[in-house]
Amino acid sequence: MRRIALGALLVGALFGAPGPVMGSVSGNTGAGTAVVGATSTPDGTAGWTVTGNGSVRTTGKAHNYGDVASVALQASVVAIAAAPSGSGYWLLAADGGVFTFGSARFYGSTGNRRLNQPIVGMAPTASGHGYWLVARDGGIFAFGDAAFYGSTGNIRLNQPIVGMSTQPSVRGYWLVAADGGVFPFGAARFEGSTGALRLVQPVRAIAATHTGRGYWLVASDGGIFAFGDAPFYGSTAGSCVGVVGIIPTTKGYIIAGADGSLRQMNAATAQAQVPSSCPTSSCPASFVDQVVQMTNAQRVAHGLPALHAQGQLAWAAARRSVIQATNHVINHDGWTSVISASGYPPGYWGENVAFGYATPDAVMAGWMNSPDHLANILRPQFHDIGVGCAYTREHVAYWTQDFGQG
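Fair warning: this is a prediction, and the values are worked out from it, not measured in the lab.

A. Molecular detail of the pattern of salt bridges. Following the criterion strictly, the structure yields 2 salt bridges and no others. When the shortest N-O distance is used, the salt bridge between Arg 189 and Glu 191 registers 3.1 Å. Under the relative-accessibility criterion, Arg 189 is labelled partly exposed at 45%. For Glu 351, the salt bridge identified is with Arg 320, shortest N-O distance 2.9 Å.

B. Examining helix H3 (residues 335-342) more closely. Most of H3 sits inside the fold, with 6 of its 8 residues counted as buried. Along H3, the residues classified as buried are Trp 335, Val 338, Ile 339, Ser 340, Ala 341 and Ser 342. Phi for Gly 343, located one or two positions after H3, is positive at around 90°.

C. How the structure looks around the packing of aromatic side chains. Enumeration over the complete set of coordinates arrives at 19 aromatic pairs. When the centroid spacing of 5.7 Å and the interplanar angle of 40° are considered together, the rings of Tyr 89 and Phe 101 count as tilted. Here Tyr 89 is found in strand S6 (residues 88-93), whereas its partner Phe 101 is found in strand S7 (residues 98-102), with 12 residues between them in sequence. In terms of burial, Tyr 89 and Phe 101 fall into one category: buried. Ring-pair connections join several aromatic residues into one group, and the members of that group are Trp 48, Tyr 65, Tyr 89 and Phe 101. Positioned above the aromatic ring of Tyr 344 is the side chain of Arg 136, whose terminal nitrogen or guanidinium carbon lies 5.7 Å from the ring centre.

D. Structural detail: the sheet that holds strand S12 (residues 172-177). Reading across the sheet, the 3 strands line up as S11-S12-S13 and stay open at both edges, with antiparallel pairing between neighbours. The strands lining the two open edges of the sheet, one partner per strand, are strand S11 (161-165) and strand S13 (182-186). Between one strand axis and the next, the sheet turns through 20° on average, direction left out of account.

Conventions adopted
Numbering of residues starts from 1 in every chain and runs along the sequence as written. Side-chain atom pairs in this predicted model are given and counted only at pLDDT of 80 or more, local residue features only at pLDDT of at least 70, and totals for whole chains, interfaces and linings cover all residues. Derived side-chain values reflect all non-hydrogen atoms in the structure, with water molecules and hydrogen atoms excluded from consideration. One speaks of a salt bridge when a side-chain nitrogen belonging to Lys or Arg is within 4 Å of a carboxyl oxygen belonging to Asp or Glu. Buried residues are those whose accessible area, probed at 1.4 Å on protein chains only, stays under 20% of the maximum for their type, while exposed residues exceed 50% and partly exposed ones sit between those limits. By the criteria applied, helices consist of DSSP H or I runs no shorter than four residues and strands consist of E runs no shorter than two, each listed in order from the N terminus. Between 30 and 60 degrees the pair is tilted, below 30 it is stacked and above 60 it is edge-to-face, where a pair is any two Phe, Tyr or Trp rings, Trp via its six-membered ring, whose centres lie within 6.5 Å. To sit over a ring, a charge needs its Lys NZ or Arg CZ within 6 Å of the ring centre and within 35 degrees of the ring normal. Pairing between strands is defined by DSSP: at least two bridges between them are needed. Angular values range over 0 to 180 degrees, each being the angle between N-to-C directions of two axes fitted as lines to C-alpha atoms, with helices fitted over their stretch in contact.

Right under this line is the structure:
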């Protein structure tokens, strides 16, 4: 007898185990234990990572100056930025709340403002007496001695802004979008982008070289794109671990994973091949398109607007299918970590999973005949969708629908 399993989840709880599974809960994405950001001291000899709940971890010679893991946050932490002195750091929440530790000082926040889009990144000035915050639409908020050089707040972007970078030698900053589009302002120079390329996975972060004449982009799968005088030291594109950032060091860079891993890349790793940890294969691309189309057909039939096929959620759903197919399990373990690693903003999220269905028609029928899964598909709070499908070596399909409020 063919074994078929289903799972349904909305953010707020973990529900699911190997074998037949059905379940649904609802709520907003809160703080999580996945790593969401990384930073380093100016000389690159020490670094920090931060999780969504504000827990800080150190690497190299770094000192832990404190965190907000025990604080009841209004919004999840999304980034960390080192003070230029190397003896402190700022933590940044999605509502623009700023938390200071060590030598880092508070110069203002957007915590009490009504934002058009959530805050996604932060960069300090050369003096450390100010900083910039950047929102998902590229809106810039300057505090302290940070000068405003421009923004993409009034530009229609193809993909949302996911991060920013600056250098002490540059009076300006760079913004990067999920498609790898790079937007320089002030004296920051444009050295190239992936905006015109068809990326396998979305870009997650940007980091400038110490000269300010180049930068690296890192994708959610660990792929590295080097521009200007930025050397290529290798990537982790073959791994199954989502990537949240890149930390320049004195001899290369560190690729920070959503699982807390920190992989040092240098001249010795430039030509190394990272063995794939994903012994799976993708389903036909048409399968994904069909599930999106059938999902939207059901929503329209029920008087709801169609969902937008969103790139970051598509990456997250694909990765979720790969992870489950790799491990021959079906559950929701770590699913919020994967969505966080994609760079998709905090908010209202949901997920449907299934395995054992050979076609899009079959898996959609299974979901539509389950009240819990149908509730996810027809939930009015959702505006975005990502669909993933991966085969095991035995050619069993594992399916994922990830939903978001946007």
